[in-house]
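This is what each chain is made of:
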Amino acid sequence: MTLTASPPTSAGVGAATLLDFSDVAMRFDTGTVALEGVDLTVRRGEFVTVVGPSGCGKSTLLRIASGLETATAGTASVSTKRIGYVFQDATLLPWRTVQRNVELLAELHGESSDERRRKAAAAIELVGLTGFEKNLPKQLSGGMRMRTSLARSLTLDPELFLFDEPFGALDEITRERLNDELLRLFTEQQFAGLFITHSVSEAVYLSTKVVVMSGRPGRIVKAFDVPFPMPRDPDIRYSAEFADLVGEVSHALREGHR
Amino acid sequence: MVINVTVLDPAAEASGEKGTARARGRRFRVTGSTWWQPALVFVALVGLGYGIAGVFALQGRGFLWPYPHEVLYAAVAEPAAVVQIYPALLNSALVALTGLACAVVLGIGAATVMVQARWIERSFFPYAVILQCLPILAVAPLIGTIFGYNFAGKVVVTLLISLFPMIANTLFGLQAADRAQRELFQLQGASRLTTLVKLQFPAAMPSIFVGLRNAAGLSVIGAIVGDQLLGQGSPGLGTAITVFASRTQGPEAFASILIASLFGIAVFLVFGLLGRLAVGKWFDLG
Ligand SMILES: Nc1ncnc2c1ncn2[C@@H]1O[C@H](COP(=O)(O)OP(=O)(O)OP(=O)(O)O)[C@@H](O)[C@H]1O
Ligand SMILES: [Mg+2]
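Treat the numbers as computed from the prediction; the structure is a model and nothing was measured. Residue numbers here run from 1 along each chain, matching the order of that chain's written sequence. Lettering for chains starts from A, numbering for ligands starts from 1, and both go in the order in which the items are written. In view of the model being predicted, local features appear only for residues whose pLDDT reaches at least 70, and side-chain atom pairs are presented and counted only at 80 or more, with totals across whole chains, interfaces and linings using the full set of residues. Excluded from the side-chain calculations are hydrogens and water; all other atoms, namely the structure's heavy atoms, are used.

Asker: Quick question: what am I supposed to make of the pattern of salt bridges here?
Answerer: Pairs can form between side chains of opposite charge once their charged atoms are near each other. Each reported salt bridge corresponds to a side-chain nitrogen of Lys or Arg within 4 Å of a carboxyl oxygen of Asp or Glu. According to the stated counting rule, one finds 19 salt bridges over all chains in the structure shown. Residues Arg82(A) and Asp157(A) are paired through a salt bridge, measuring 3.5 Å at the closest nitrogen-oxygen approach. In this pair, Arg82(A) is assigned in the loop between strand S4 (73-78) and strand S5 (83-86) and Asp157(A) in the loop between helix H4 (142-154) and strand S6 (160-164), connecting sequence segments 75 residues apart. Here the salt bridges do not stand alone but share partners, grouping Arg63(A), Glu69(A), Arg179(B) and Glu183(B) into one network. Every helix listed is a DSSP run of H or I at least four residues long, and every strand listed is a run of E at least two residues long, numbered separately from the N terminus.

Given below as structure tokens:
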């Protein structure tokens, strides 16, 4: 694993395609059609955010991408095995310390304890949790737990990073701080990101592209390219262009909801 | 009995909520300082004991209900009683702990097998429930016939009484890991065994210790009941109680009951403490 910074490259047509969904549909045994005709591509250096009404199939989309579910129609191809998955809650093992939680994935892959410790130390440093290695999850704040969860995924050195509303349960200030950290990680690591959120401003702030889904069965109704350069200036959030784009996305979201 | 009540919430400490932590600590401490209330009840109970003993004595049937100090004397100082009660305690403790050990091994083993597939659980769990409803008095002769009327038979009675809480609590605990945690393992391609060892068993520990504490309490009952029902081999507390009572040796019989009760309480507390030592750091066993 290399947790070293590589120079940011702008994602272009030439960048490797890590996730490619074509006409993907998902129909559960219960008869619920969660997704229909979804086309979606995520390349290295792209950070794509999905917004959509509750229950429209956003989590299902990620679960298909990660291999937890199999699409019932269409093709869903993911061209890497190094997939990071950050769940809605931190999903830490409460009996393990921060250090041992972050080591978990490498441990499950049977890596040596030296290797595990090295990776965990690097990841813990990346998320700014140095000094808290010996804490148990219950001794951490919600934001710190989420950082631990991020660090755990980072040990995989993911090429494709999936996030299912990871900051939904956090307060506004913590959420903004973690957004900035995530952007920093993104510019340093150059993974391909697929991020789900309910917050339109979070979506616009984080991504290179925002995808709006309709209500169930979820289909992609609109996609917006976000023109702001990376690394992103935190003050962009208070600019008029930012507000305009947030407005447009929110509008599309309301349209799709009908 | 010491209740550990002054522990502050470390989560609140770490997240900088000093005020809340202190307030919480204070509230617990207030609850904890009520030790004198149970003590008052204890004094009242002893007083009641004296009252009843007085009534029995007035009716000339004092041997049926001895004064509390006579019971205490029989339990700690009266040579004839002491030489019988304490070896009996030792024998019963041996039966109880052996039975408990069997219940732990079999209970955890059975639950681990049941959790492997829904159909196994559905097929066998009802029998575990039946185990709990088994009228031990009725099956004791059968156990005597099969396993003998001494040590082995008594251990089996103890096992039958204390097995269910081990199975039920372990099974519950093994299913305690939530879906996201399981999927975290699944995403890394973890095998069933790895998931069992690194996720399900650690997650089950609090439940297993709750089961152990209950099973331990029941194993004492099992050892004494088994002793009374089977009645051969080295005499335990059950035999001591029966013999003293049949000879109308009130203080001695009551002393045996007192020691048996204290033994039960001690076992419950020790296993409760063991649980808190094992998982108390990350789980509040209450
Ligand atoms: N395993 C399943 N079996 C049957 N139906 C399911 C299953 N998983 C999800 N669904 C249904 O599919 C639909 C989409 O679910 P999904 O969790 O993907 O929504 P979501 O967009 O993530 O919602 P939210 O924003 O509330 O998290 C829902 O109606 C849900 O009930
Ligand atoms: Mg969801």
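After presenting the structure, the write-up continues.
Asker: Explanation requested: a nonpolar patch on the surface in the structure shown.
Answerer: Residue and element names in this part refer to chain B. Patch definition: residues with relative accessible area over 30% and no salt bridge; like charges joined within 9 Å; nonpolar side chains (Val, Leu, Ile, Met, Phe, Trp, Tyr) joined within 5 Å. The accessible surface values rely on the Shrake-Rupley method and a 1.4 Å probe; as for residues, cover is taken only from the protein chains in view. On the surface, Leu 72, Val 76, Tyr 86, Leu 258, Leu 262, Ile 265, Phe 268 and Leu 269 cluster together into a nonpolar patch covering about 700 Å² of accessible area. Only helix H4 (68-76) and helix H12 (250-279) provide two or more residues apiece to the nonpolar patch. Looking at the element boundaries, Val 76 is found in helix H4. Buried residues are those whose accessible area, probed at 1.4 Å on protein chains only, stays under 20% of the maximum for their type, while exposed residues exceed 50% and partly exposed ones sit between those limits. Val 76 sits in the exposed class, given a relative accessible area of 59%.

Asker: Could you clarify how one ought to interpret the interface of chain B and chain A in this entry?
Answerer: How big an interface is tends to be reported as the loss of accessible area on association of its parts. Across the contact, 22 residues belong to chain B and 24 residues belong to chain A. Throughout, buried area stands for the accessible area (probe radius 1.4 Å) lost by two parts on being put together, summed over both. Of the roughly 2100 Å² buried between chain B and chain A on both sides combined, carbon and sulfur atoms contribute 69%. Sorting the residues of chain B by area buried against chain A places Leu184(B), Gln188(B) and Trp282(B) first, and these three jointly supply 29% of that buried surface. In this assembly, chain B and chain A are joined by two salt bridges. Residue Glu107(A) pairs with Lys198(B) through a salt bridge whose shortest N-O separation is 2.7 Å. We define a polar contact as two N or O atoms separated by no more than 3.5 Å, with the added condition that, inside protein, one atom must be a possible hydrogen donor and the other a possible acceptor, whereas residues neighbouring each other in sequence contribute only through side-chain atom pairs. Where chain B meets chain A, there are five residue pairs in polar contact (both at pLDDT 80 or more). Looking at which element gives the most residues to the side of chain B that touches chain A, the answer is helix H9 (residues 179-187) of chain B, with eight residues. Whether two residues are in contact is decided by their heavy atoms: any pair within 4.5 Å suffices.

Asker: Would you mind showing me how to read helix H10 (residues 192-230) of chain B here?
Answerer: Given 3.6 residues per helical turn, the α-helix brings residues three or four places apart onto the same face. Residues and elements named next belong to chain B. Given a rise of 1.5 Å per residue, 39 residues ought to cover 57 Å, yet the end C-alpha atoms of H10 are separated by just 44 Å, more than 12% below that figure. The axis of H10 is deflected most strongly, by about 50 degrees, at Met 205, and proline Pro 206 appears within four residues downstream. Gly 231 occupies a position one or two residues after H10 and carries a positive phi of about 65 degrees. For a helix, the expected span equals 1.5 Å multiplied by the number of residues minus one. Working definition for bend: take the seven residues up to and ending at a residue and the seven starting at it, fit an axis to each, and measure the angle between the axes.

Asker: Which parts of the structure should I look at to understand the nonpolar core?
Answerer: Nonpolar side chains in soluble globular proteins generally cluster together in the buried interior. The nonpolar core is taken to be a set of buried Ala, Val, Leu, Ile, Met, Phe, Trp, Tyr and Cys residues, with the residues joined through side-chain atoms within 4.5 Å. Counting 96 residues, the largest nonpolar core has Leu19(A), Phe21(A), Leu40(A), Leu162(A), Leu194(A) and Phe185(B) as the members making the most contacts within it. Element by element, the count of residues in this core is highest for H10(B), at 13 residues. Leaving out residues up to four positions away in the same chain, Leu194(A) has contacts with Leu19(A), Leu40(A), Val42(A), Val48(A), Val50(A), Leu62(A), Phe161(A), Leu162(A) and Phe163(A).

Asker: Would you explain unusual backbone geometry in this entry?
Answerer: A negative phi angle is the norm for most residues apart from glycine, just as the trans form is the norm for most peptide bonds. All names here are of chain A. Residue Pro 217 is reached from Arg 216 by a cis peptide bond, and omega for that bond is -5 degrees. Take Pro 217: it is sitting in the loop between strand S8 (209-213) and strand S9 (220-225). Here the bond from Met 230 into Pro 231 is cis, since omega is -5 degrees, no more than 30 degrees from zero. Locating Pro 231 in the fold gives a position in the loop between S9 and helix H7 (240-257). Look at Asp 23: it is not a glycine, yet its phi comes out positive at around 55 degrees. Looking at the element boundaries, Asp 23 is found in strand S1 (residues 17-27).

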